Amino acid sequence: MNILAISGSTRAASTNTALLHALAAIAPTGVTVAVYDQLASLPVFSADLDAAPPQAVMDFKQRVAATDGIVFSSPEYVRSLPGGLKNAIDWLVSGDAVIAKPMAILHGSHRGDDMLDALRMVLATVSSGFSPDLFTRFPLIGKTPAQVSETLAAPENAVQLRAFLSRFIALANPRTNNSFAGSSHR
Ligand SMILES: Cc1cc2nc3c(=O)[nH]c(=O)nc-3n(C[C@H](O)[C@H](O)[C@H](O)COP(=O)(O)O)c2cc1C
C-alpha cells in the first residue's frame, strides 16, 4: 500500500511536514508513506492549462492517481488553508484520480480550526473517500523538527499517531472493511 502525505507548508522546518515524516517513519511493513515535497513547484492553476498541464502538475496528478490514499497536514494561514495547498487541490479537480480517493487530516497545532473547517469542506467536495471522523492533532506549533520527533515519541502521542495510521490503512485498503469512510458532498 502506498500513502501520499501532503503538507500545506513549504517551510523547511515545518511542523506539519515533520509530523508527516513521523507518520512515514512508523509505517508498518508493506505500507509506504511518501511525503510530497513539490508543492512549491506547481504553477498557479489555470483552466487554460488544464488540458495539457505543465510537467510538475502531470507528476503530481500521476502520484495522486497511483496512491491508495492521501493524508494532509496543514498550517492555518489567514484563517484558511494556505494558497499553495488549495492550488494543488484545484489542479486535481479535473480528471477522476481524486474522486473517491481515501483522505484524512492530521494536524500539527492546537489552533487553526478555521483552516480545518475550510480544508474539510474542500476535501469533502473533491473526494467521496474523505473521512472527516478520522482526525488527530498534536500541539507542535513553534517546535523544531527535532522537537516534533521528540514530542511524537512520547508514549501517549506515539499511541495516537499509530492509531491514526492503522485506521487510515484500514480506510485506504479496499480489502478491509471500510467503516471509516466519510459521506460524499460532491
Ligand atoms: C502567512 C501566515 C498566516 C498565518 N495565519 C494564521 C492564522 O490565521 N491563525 C493561526 O492560528 N496561525 C496562523 N499562522 C501561524 C501558522 O499557522 C503556524 O505558525 C503553523 O504552526 C505553521 O506551520 P508549519 O510549522 O507547518 O509551517 C500564520 C502563519 C503565516 C506564515
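Under an unreviewed UniProt entry, the chain has the name NADPH-dependent FMN reductase and belongs to Yoonia tamlensis.

Draft legend 1. The site of the ligand, seen in detail. Lining the immediate surroundings of the ligand are Ser9, Arg11, Ser14, Thr15, Asn16, Pro75, Glu76, Tyr77, Val78, Arg79, Arg111 and Ile141. If the ligand stood free it would expose 650 Å²; the protein chains cover 67% of that surface. Partitioned by chemical class, the residues of the shell around the ligand number four nonpolar, four polar and four charged.

Draft legend 2. Highlighting the pattern of salt bridges. Applying the stated criterion across every chain, the model contains five salt bridges. Salt-bridge contacts for Asp50 lead to Lys61; the nearest nitrogen and oxygen are separated by 3.9 Å. In this pair, Asp50 is assigned in the loop between strand E2 (32-36) and helix H2 (55-66) and Lys61 in helix H2, connecting sequence segments 11 residues apart. Accessibility expressed as a relative area gives 17% for Asp50, which makes it buried.

Draft legend 3. View of the packing of helix H5 (residues 145-153) against helix H6 (residues 155-172). The interhelical angle for the contact between H5 and H6, taken along N-to-C directions, is 90 degrees, at an axis separation of 5 Å. The orientation of H5 relative to H6 falls into the category roughly perpendicular. Contacts between H5 and H6 involve Thr151, Leu152 and Ala153 from the first element and Pro155, Asn157, Ala158 and Leu161 from the second. Taken together, the residues of the contact of H5 with H6 sort by class into five nonpolar, two polar and no charged.

Draft legend 4. Spotlight on the environment of Arg167. Within the secondary structure, Arg167 is located in helix H6. Judged by its relative accessible area of 28%, Arg167 is partly exposed.

Draft legend 5. Focus on the pairing of strand E3 (residues 69-73). Taking burial as the measure, the five residues of E3 include five buried ones, the bulk of the element. Neither face of E3 is exposed, since Gly69, Val71 and Ser73 on one face and Ile70 and Phe72 on the opposite face are all buried. Inspection of the sheet shows strand E1 (residues 2-7) paired to E3 by five bridges, in the parallel sense. Considered in E3, the bridge of Ser7 is made with Ser73. Of the crossover connections in this fold, the one passing from E3 over helix H3 (residues 83-92) to the parallel strand E4 (residues 103-107) is right-handed.

Draft legend 6. Focus on the sheet that holds E4. A sheet is described by the order of its strands in space; here five strands give the open sequence E2-E1-E3-E4-E5, paired in parallel fashion. Since the sheet does not close on itself, it has two edges, and those belong to E2 and strand E5 (130-137), each with one partner. Sheet twist, expressed as the mean angle between neighbouring strand axes with direction ignored, is 25 degrees. The pairing of E4 with E5 spans four bridges and is classified as parallel. For Met103, the partnering residue across the bridge sits in E5 and is Phe130. Its contacts with the sheet put H2 on E1, E2 and E3, and the angle it makes with E2 is roughly 155 degrees.

Draft legend 7. Molecular detail of the nonpolar core. Core analysis: the largest hydrophobic core is formed by 27 residues, its most contacted members being Ile6, Phe60, Phe72, Ile89, Met103, Leu119 and Leu123. Mapped by element, the contributors of at least two residues to this core are E1, H2, E3, H3, E4 and helix H4 (113-126). With seven residues, H4 is the single largest residue contributor to this core. What Phe60 contacts, discounting residues up to four positions off in sequence, is Ile6, Tyr36, Leu42, Ala88 and Leu92. Membership of the second largest hydrophobic core comes to 25 residues, among which are Val31, Val71, Leu106 and Phe164.

Draft legend 8. Fine view of the packing of aromatic side chains. Inspection of the entire model under this criterion finds three aromatic pairs. Measuring from centroid to centroid gives 4.8 Å for Tyr36 and Phe60, while their planes differ by 40 degrees, and the two rings are tilted. Taken together, the positions of Tyr36 in strand E2 and Phe60 in helix H2 put the pair 24 residues apart, joining distant regions of the chain. For the pair Tyr36 and Phe60, a shared accessibility class is recorded, and that class is buried. For the pair Phe164 and Phe168, a centre-to-centre distance of 6.4 Å together with 5 degrees between the ring planes defines the contact as stacked. Within this pair, Phe164 and its partner Phe168 are both found in helix H6, separated by four residues, close to a single helical turn.

Scoring rules and cut-offs
- Position numbers for residues count from 1 along each chain, tracking the sequence in the order it is written.
- Reporting of local features is limited, given that this is a predicted model, to residues whose pLDDT is at least 70; pairs of side-chain atoms are given and counted only at 80 or more, and all residues count toward the totals for whole chains, interfaces and linings.
- With hydrogens and water stripped out, all remaining heavy atoms of the structure feed into the side-chain values.
- When we say a residue is near a molecule or strand, we mean one of its heavy atoms is within 4 Å of it.
- Surface accessibility follows the Shrake-Rupley procedure with a 1.4 Å probe radius. Residue values consider only the protein chains on display as shielding.
- Gly falls in the polar group here, along with every residue not listed as nonpolar (Ala, Val, Leu, Ile, Met, Phe, Trp, Tyr, Cys, Pro) or charged (Asp, Glu, Lys, Arg).
- By definition here, a salt bridge exists when the distance from a side-chain nitrogen of Lys or Arg to a carboxyl oxygen of Asp or Glu is within 4 Å.
- The way it works is that DSSP assigns letters per residue, a run of H or I at least four long becomes a helix, a run of E at least two long becomes a strand, and they are numbered from the N terminus.
- Burial classification: accessible surface area is computed with a 1.4 Å probe over protein chains only, and a residue below 20% of its type maximum counts as buried, one above 50% as exposed, and the rest as partly exposed.
- Axes, fitted as lines to C-alpha atoms, cover a helix only where it is in contact. Angles between the N-to-C directions of the axes lie from 0 to 180 degrees.
- Here roughly perpendicular refers to angles of 65 to 115 degrees, roughly parallel to angles under 35, roughly antiparallel to angles over 145, and oblique to all remaining angles.
- Here, two residues are considered to be in contact whenever any of their heavy atoms come within 4.5 Å of each other.
- When DSSP finds two or more bridges between two strands, those strands count as paired.
- The crossover handedness rule: strands pointing away from the viewer, path from first strand over the helix to second strand clockwise, crossover right-handed.
- To define a nonpolar core, start from buried Ala, Val, Leu, Ile, Met, Phe, Trp, Tyr and Cys residues and group those joined through side-chain atoms within 4.5 Å.
- Only rings of Phe, Tyr and Trp enter the pairing, Trp through its six-membered ring, and a pair is recorded when the two centres are within 6.5 Å. The plane angle decides the type: under 30 degrees is stacked, over 60 is edge-to-face, the rest tilted.

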